[in-house]
Amino acid sequence: MIVVTGATGKLGRLVVEGLLQKVPAATVIAAVRSPEKAAALAARGVQVRHADYARPETLATALAGAEKVLLVSSSEVGQRAAQHAAVVEAARRAGVGLLAYTSVLHGEHSRLALAAEHVATETALRASGLAWTFLRNGWYLENYTENLGPALQHGALVGCAGNGRIAAAARADYAAAAVAVLTGTGQAGRIHELAGDQPFTMAELAAEVSRQAGKPIAYRDLTPEQYRDVLTSAGVPGPFADLLVDSDVGITKGELDDASGTLRRLIGRPTTTLADAVKAALKG
Ligand SMILES: NC(=O)c1ccc[n+]([C@@H]2O[C@H](COP(=O)([O-])OP(=O)(O)OC[C@H]3O[C@@H](n4cnc5c(N)ncnc54)[C@H](OP(=O)(O)O)[C@@H]3O)[C@@H](O)[C@H]2O)c1
């Protein structure tokens with residue numbers, strides 16, 4: 001049995017879809033915070049179980065009988081270390097054979113503020129005695145392409161990432177990597193640094209959007225303070241704006257760049273290109 005947590009999220013859904021191409025639905029368990037959101041999966045023969053990271057009492061039943069588990073990192077920033085530790089403990093008690101975790105690119109070497117909770121989870125896993133695999137995911141291309149409306153409207157993308165290179169890949173690429181790990185062998189103790197094949201700068205992103213949209217779109221590089229003001233004026237809560245600013249500053253230092261080609265090798269194909277991601281976003 002393979003359990004996927006966060007299976008109602010964007011990444012988790014893609015992982016379950018990928019698993020269903022490779023293994024019988026009866027061997028896949030979607031462990032989710034909101035089972036009512038997973039009705040379509042249940043209709044396809046996937047077992048749906050309730051698993052709320054913030055309610056440890058739900059986790060033992062959710063993980064019972066699991067041979068392998070994919071722990072998709074929580075979206076509740078600030079609570080993730082404790083939430084993930086609860087899942088790790090439940091997996092240990094359930095005797096899970098392998099727990100794969102969606103971590104952050106470069107793990108303990110990352111200077112991004114958001115890396116701390118991922119590193120805490122990796123540390124908990126190392127100490128647990130469980131067999132683990134770290135899927136250290138880089139940035140999603142969709143972080144940029146899902147919200148192109150304001151850039152198209154104002155003719156500008158803003159940030160404080162300077163000329164930093166971003167080796168982003170599509171969620172579908174990271175999901176395919178998770179599927180490869182969950183259906184493969186020899187994954188215990190493996191650390192996969194996962195990132196896109198063709199790193200780009202924000203100026204290159206703006207140029208690609210401009211080319212495909214047929215209108216001028218420039219990248220305006222701001223100071224961290226200016227960028228924070230833009231984000232909070234647009235309604236982004238202060239703590240989240242701080243994380244976004246910190247991530248852009250990290251990009252200037254190469255924190256989200258990677259040339260290992262690990263993702264490409266793991267999924268057996270090139271990663272999604274920036275051009276294809278922009279094309280899909282403009283179509284949708
Ligand atoms: N690499 C990147 O660029 C990047 C960008 C953003 C996020 N991330 C990380 O990658 C994860 C997956 O990305 P995504 O795009 O699939 O995010 P997403 O669509 O927001 O999905 C997050 C999933 O986490 C679940 N979740 C949140 N709190 C939970 C809790 N207390 N108990 C159980 N499940 C809980 C959500 O459940 P519900 O469906 O019930 O809400 C959802 O299924 C995110 O959660 C975040 O940690 C990475």
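Remember, predicted model here, so these are calculated numbers, not experimental data.

Brief notes about the sheet that holds strand β5 (residues 98-104)
Ordered in space as β3-β2-β1-β4-β5-β6-β8, the seven strands form an open sheet in which the pairing is parallel. Looking along the sheet, the strands with just one partner apiece sit at the ends: β3 (47-50) and β8 (190-194). Averaged over neighbouring strand pairs, the angle between their axes works out to 20 degrees when direction is ignored. Inspection of the sheet shows strand β6 (residues 132-137) paired to β8 by five bridges, in the parallel sense. Bridge pairing in β8 links Thr-133 to Arg-190. Set on the sheet, helix α1 (residues 10-20) makes contact with β1 (2-5), β2 (28-32), β4 (68-71), β5 and β6; between it and β1 the angle comes to about 160 degrees. Helix α5 (residues 115-128) contacts β4, β5, β6 and β8 of the sheet and is inclined by roughly 160 degrees relative to β5.

Some points on the environment of Thr-252
For Thr-252, the location among the structural elements is in helix α11 (residues 238-252). You can call Thr-252 partly exposed: its relative accessible area is 41%. For the pair formed by Thr-252 and Leu-282, sequence separation is 30 residues and the distance between their alpha carbons is 27 Å. Side-chain polar atoms of Thr-252 contact the backbone oxygen of Val-249, separated by 2.5 Å.

Points about the site of the ligand
Near the ligand you find 24 residues, and of these Thr-8, Leu-11, Arg-33, Ser-73 and Arg-171 are the closest. Backbone polar atom of Gly-9 to an oxygen atom of the ligand: 2.9 Å apart, as the coordinates give it. Between an oxygen atom of the ligand and a side-chain N or O atom of Arg-33, the distance comes to 2.7 Å. In the complex, 84% of the free accessible area of the ligand, which totals 890 Å², lies under the protein chains.

A few points about the pattern of salt bridges
Going through the model one piece at a time under the given rule, you end up with 17 salt bridges. The partner of Arg-33 in a salt bridge is Glu-76, with the nearest N and O atoms 3.1 Å apart. With a gap of 43 residues between them, Arg-33 in the loop between β2 and α2 (39-43) and Glu-76 in the loop between β4 and α4 (80-94) connect regions that are remote in the sequence. Taking the shortest distance from any N to any O, the salt bridge between Glu-193 and Arg-136 comes out at 2.8 Å. Pair noted here: Glu-193 is in strand β8 and Arg-136 is in strand β6, with a separation of 57 residues, a long-range link. Across this residue pair, the class does not change: Glu-193 and Arg-136 are buried.

Re the nonpolar core
Of all hydrophobic cores here, the largest spans 53 residues; its most connected members are Val-15 and Leu-70. Looking at this core element by element, the count peaks at seven residues for helix α8 (residues 171-183). Setting aside residues no more than four positions away along its own chain, Val-15 makes contact with Val-4, Leu-70, Ala-175, Ala-178, Val-179 and Leu-182. By size, the runner-up hydrophobic cluster in this structure holds 30 residues, among which are Leu-148, Ala-170, Phe-200 and Ala-206.

Comments concerning the pairing of β1
Regular strands place side chains that alternate from one sheet face to the opposite one. By the alternation rule, side chains of β1 split into Ile-2 and Val-4 and Val-3 and Thr-5, which are all buried. With α1 bridging β1 and the parallel β2, this β-α-β connection has right-handed handedness. Across three bridges, β1 lies against β4 in parallel orientation. Paired with Ile-2 across the bridge in β4 is Lys-68.

Points about the packing of aromatic side chains
Inspection of every chain in the model, using the stated rule, returns three aromatic pairs. Centre to centre, the rings of Tyr-144 and Phe-200 are 6.0 Å apart; their planes meet at 80 degrees, and the pair counts as edge-to-face. Within this pair, whereas Tyr-144 is found in helix α6 (residues 142-145), its partner Phe-200 is found in the loop between β8 and α9 (202-213), the two being separated by 56 residues in sequence. Assigned by exposure class, Tyr-144 and Phe-200 land together as buried.

Section: the side chain of Asp-248
Following the sequence through the fold, Asp-248 ends up in helix α11. Here Asp-248 sits buried without a salt bridge, and the closest side chain of opposite charge, Lys-253, lies 12 Å off (N-O distance). Within the structure, the side chain of Asp-248 is placed 2.8 Å from the backbone nitrogen of Cys-160, a separation counted as a polar contact. Those residues within four positions of Asp-248 in sequence are excluded, and the remaining contacts are Gly-159, Cys-160, Ala-161 and Tyr-227.

Rules used throughout
- Starting afresh in each chain, residues are numbered from 1 along the sequence in its written order.
- Under the rules for a predicted model, residues below a pLDDT of 70 receive no local features and side-chain atom pairs below 80 are neither given nor counted, while totals for whole chains, interfaces and linings still include all residues.
- Side-chain measures were taken over the full set of non-hydrogen atoms in the model, leaving aside hydrogen atoms and water.
- A pair of strands counts as paired when DSSP detects no fewer than two bridges linking them.
- For helices the rule is a DSSP run of H or I covering at least 4 residues; for strands it is a run of E covering at least 2, with both sets numbered from the N terminus onward.
- Comment: axis = line fitted to C-alpha atoms, over the contacting stretch for helices; angle = value between 0 and 180 degrees taken between N-to-C directions.
- Two residues form a contact once any of their heavy atoms are found within 4.5 Å.
- Note on classification: 1.4 Å probe, protein chains only; a residue is buried when its accessible area is under 20% of the maximum for its type, exposed when over 50%, partly exposed between these limits.
- Two N or O atoms form a polar contact when they lie within 3.5 Å of each other; inside protein one atom must be a possible hydrogen donor and the other a possible acceptor, and for residues adjacent in sequence the pair counts only when both atoms belong to side chains.
- Note on definitions. A residue lies near a molecule or strand when any single heavy atom of the residue is within 4 Å of it.
- Accessibility throughout is a Shrake-Rupley quantity obtained with a 1.4 Å probe, and a residue counts as covered only by protein chains that appear here.
- Salt-bridge detection follows one rule: a side-chain nitrogen of Lys or Arg within 4 Å of a carboxyl oxygen of Asp or Glu.
- Buried Ala, Val, Leu, Ile, Met, Phe, Trp, Tyr and Cys residues form a nonpolar core when they are joined through side-chain atoms within 4.5 Å.
- Throughout, right-handed denotes a crossover for which the path from the first strand over the helix to the second runs clockwise when the strands point away from the viewer.
- Between rings of Phe, Tyr and Trp, where Trp is taken as its six-membered ring, a pair exists when centres lie within 6.5 Å; planes separated by under 30 degrees are stacked, by over 60 edge-to-face, and by other angles tilted.
- Counting rule for charge: Lys and Arg are taken as positive, Asp and Glu as negative, and neither His nor the chain ends is counted.

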